[in-house]
Amino acid sequence: MNLHGLPTYRCHKQVRAVQIRRIDVRQQAYDALLIPEGGYAPIPVSLEFMEKHRPHVGGYLVVYDDGYLSFSPAGPFEAGHTLIERA
């Protein structure tokens, strides 16, 4: 899975992130699939991720430099991050 093509944002840390357009849960080859805005490829995530972060449509999938995946609701993410590079 290549997440390096996602847009880059800056807060106190630089992260990659993409807004979630749709979520498909429990399909055959994956636990859940996040469908991003902007034509980026769907991103498979585990049910553990879904239970821990409780992502929802309109929020952001956030990828840290070490590969850690997280979720942020749109309001807090957009208030604290500035787009610095679109892949």
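An account of the accompanying structure is given in this report. (Residues numbered from 1 in each chain as written. Predicted model: local features only at pLDDT ≥ 70, side-chain atom pairs only at ≥ 80, totals over all residues. Heavy atoms only, no water.)

1. As for the overall build of the chain
Looking only at helices and strands, the chain features two helices and seven strands. Along the chain direction, N to C, the helices and strands of the chain fall in the order β-β-β-β-α-β-β-α-β. Structurally, the chain occupies a C-alpha span of about 35 × 25 × 20 Å along its principal axes. For the chain, the proportion of its 87 residues judged to be buried stands at 39%. Taking the intrachain contacts of the chain between residues at least 6 apart in sequence as the baseline, contacts between residues at least 24 apart amount to 44%. With the model as given, the accessible surface of the chain reaches about 5400 Å², and the carbon-plus-sulfur share is 49%. One finds the centroid of the 9 positive side-chain charges in the chain at a distance of 3 Å from the centroid of its 9 negative side-chain charges. (Helix = DSSP H or I, 4+ residues; strand = E, 2+ residues; numbered from the N terminus. Buried < 20%, exposed > 50% of the residue type's maximum accessible area, 1.4 Å probe, protein only. Contact = heavy atoms within 4.5 Å. Areas by Shrake-Rupley, 256 points an atom, 1.4 Å probe, with all protein chains shown as cover. Lys, Arg positive; Asp, Glu negative; His and termini not counted. Charge placed at Lys NZ, Arg CZ, Asp CG, Glu CD.)

2. Topic: the packing of aromatic side chains
As enumerated under the stated definition, the model contains four aromatic pairs in all. With a centroid separation of 6.1 Å and 80 degrees between ring planes, the pair formed by Tyr9 and Tyr60 is classed as edge-to-face. Remark: Tyr60 occurs in strand β5 (residues 60-63) and Tyr9 occurs in strand β1 (residues 8-10); sequence separation between them is 51 residues. Its relative accessible area of 11% is what places Tyr9 among the buried residues. (Phe/Tyr/Trp six-rings, centres within 6.5 Å; stacked < 30°, edge-to-face > 60°.)

3. Examining the layout of surface pockets
Quantified by volume, the largest pocket comes out at close to 160 Å³. In terms of lining, the largest pocket is formed by eleven residues, of which the most central are His4, Arg16, Val63, Tyr64 and Asp65. Examining the composition of the lining of the largest pocket, we find that three residues originate from one element, strand β2 (residues 14-25), more than from any other. (1 Å grid on protein atoms, 1.4 Å probe; cavity = no way out; pocket = protein on both sides within 12 Å on 5 of 7 lines; lining within 4 Å. Points joined across faces, edges and corners; volume = space filled by probe spheres on them.)

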